[in-house]
Amino acid sequence: MEAKVRWLEGMQFLGTSGSGHQVLMDGDNPGKGASPLEMVLLAVGGCSSVDVVSILQKARQDVTDCEVEIKAVRADDHPRVFTDIELVFVVTGHGVQEKHVERAVSLSMDKYCSVSKMLEKAANVRHSYRIVDLP
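Computed from a predicted structure; not experimentally measured.

(A) Spotlight on the pattern of salt bridges. As enumerated under the stated definition, the model contains 4 salt bridges in all. For Glu 69, the salt bridge identified is with Arg 130, shortest N-O distance 3.3 Å. With Glu 69 in strand β4 (residues 62-74) and Arg 130 in strand β6 (residues 124-133), this pair connects stretches of sequence that are 61 residues apart. Glu 86 is the salt-bridge partner of Arg 126, the closest N and O atoms lying 3.9 Å from each other. Here Glu 86 lies in strand β5 (residues 82-94) and Arg 126 lies in strand β6, a separation of 40 residues in the sequence. Within this structure, Asp 84, Glu 86 and Arg 126 form a network of salt bridges that share partners.

(B) Looking closely at the packing of helix α1 (residues 36-58) against helix α2 (residues 98-112). Across the interface, α1 lies against α2 with an axial gap of 9 Å and an inter-helix angle of 140 degrees. If you check the angle between α1 and α2, you find them oblique. The handedness of the crossing between α1 and α2 is right-handed. On α2, the residues that touch Ser 48, Asp 51, Val 52, Ile 55 and Leu 56 of α1 are His 100, Val 101, Arg 103, Ala 104, Val 105, Leu 107, Ser 108, Met 109 and Tyr 112. Looking at side-chain class alone, the contact of α1 with α2 contains 9 nonpolar, 3 polar and 2 charged residues.

(C) Representation of the sheet that holds β6 within the structure. With mixed pairing, 3 strands are arranged side by side in an open sheet as β4-β5-β6. Each end of this open sheet is capped by a strand with a single partner; those strands are β4 and β6. Here the strands of the sheet are splayed against their neighbours by 15 degrees on average, with no regard to which way each runs. α1 contacts β4 and β5 of the sheet and is inclined by roughly 35 degrees relative to β5. Across the sheet, α2 lies against β5 and β6, angled at about 155 degrees from β6, the strand it touches most.

(D) Representation of the environment of Gln 57. Its place among the elements puts Gln 57 in helix α1. Each C-alpha atom of the pair Gln 57 and His 100 lies 10.0 Å from the other, and the pair is 43 residues apart in sequence.

(E) Region of the structure containing the environment of Val 81. Here Val 81 shows up in the loop between β4 and β5. Of the residues examined, Val 81 reaches a relative accessible area of 39% and is grouped as partly exposed. Separated by 44 residues in the primary sequence, Val 81 and Leu 37 place their C-alpha atoms 8.9 Å from one another. Filtering out sequence-adjacent residues up to four positions away, Val 81 remains in contact with Val 73, Arg 74 and Ala 75.

(F) Layout of the state of the cysteines. By the definition in use, this model includes 0 disulfides. You can see Cys 66 has no disulfide; the closest cysteine sulfur is in Cys 113, sitting 12 Å from it.

Scoring rules and cut-offs
- Residues numbered from 1 in each chain as written.
- Predicted model: local features only at pLDDT ≥ 70, side-chain atom pairs only at ≥ 80, totals over all residues.
- Heavy atoms only, no water.
- Salt bridge = Lys/Arg side-chain N within 4 Å of Asp/Glu carboxyl O.
- Helix = DSSP H or I, 4+ residues; strand = E, 2+ residues; numbered from the N terminus.
- Axes fitted to C-alpha atoms, helices over the stretch in contact; angles between N-to-C directions.
- Parallel < 35°, antiparallel > 145°, perpendicular 65-115°, else oblique.
- Left-handed = near helix turned anticlockwise from the far one by under 90°.
- Contact = heavy atoms within 4.5 Å.
- Nonpolar A, V, L, I, M, F, W, Y, C, P; charged D, E, K, R; others polar.
- Pairing = 2+ DSSP bridges.
- Buried < 20%, exposed > 50% of the residue type's maximum accessible area, 1.4 Å probe, protein only.
- Disulfide = S-S within 2.5 Å.

As far as function goes, none of this settles anything; it's purely spatial.
Below, the structure is given as structure tokens:
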């Protein structure tokens, strides 16, 4: 896997993935793009959500939406790494069974999500879920 980051102007940088996708990052707050640390949170949310949706679909659950709310706490001193990360998965659908959501979230966070497993080495990563049942 490869990637490239190129400085554009000010504190703006363009990241290009090995597959050719691009993302704007910005070190200014607020900037014109997500900060590099915000990108880390987006990465763990994206990685784990892909797993959760895939596992739920394989379990034939009628999922109409999946969102993960992510909160993080950073160390007070430099380097200001994440010390705590909390992910709350909100799964919406028709008759989605709790046992399947619990299994999907646990499998993602404990086994499949590479980003989460890397972050666990530096931060306390916690997860939970809510189910929104549609009529």
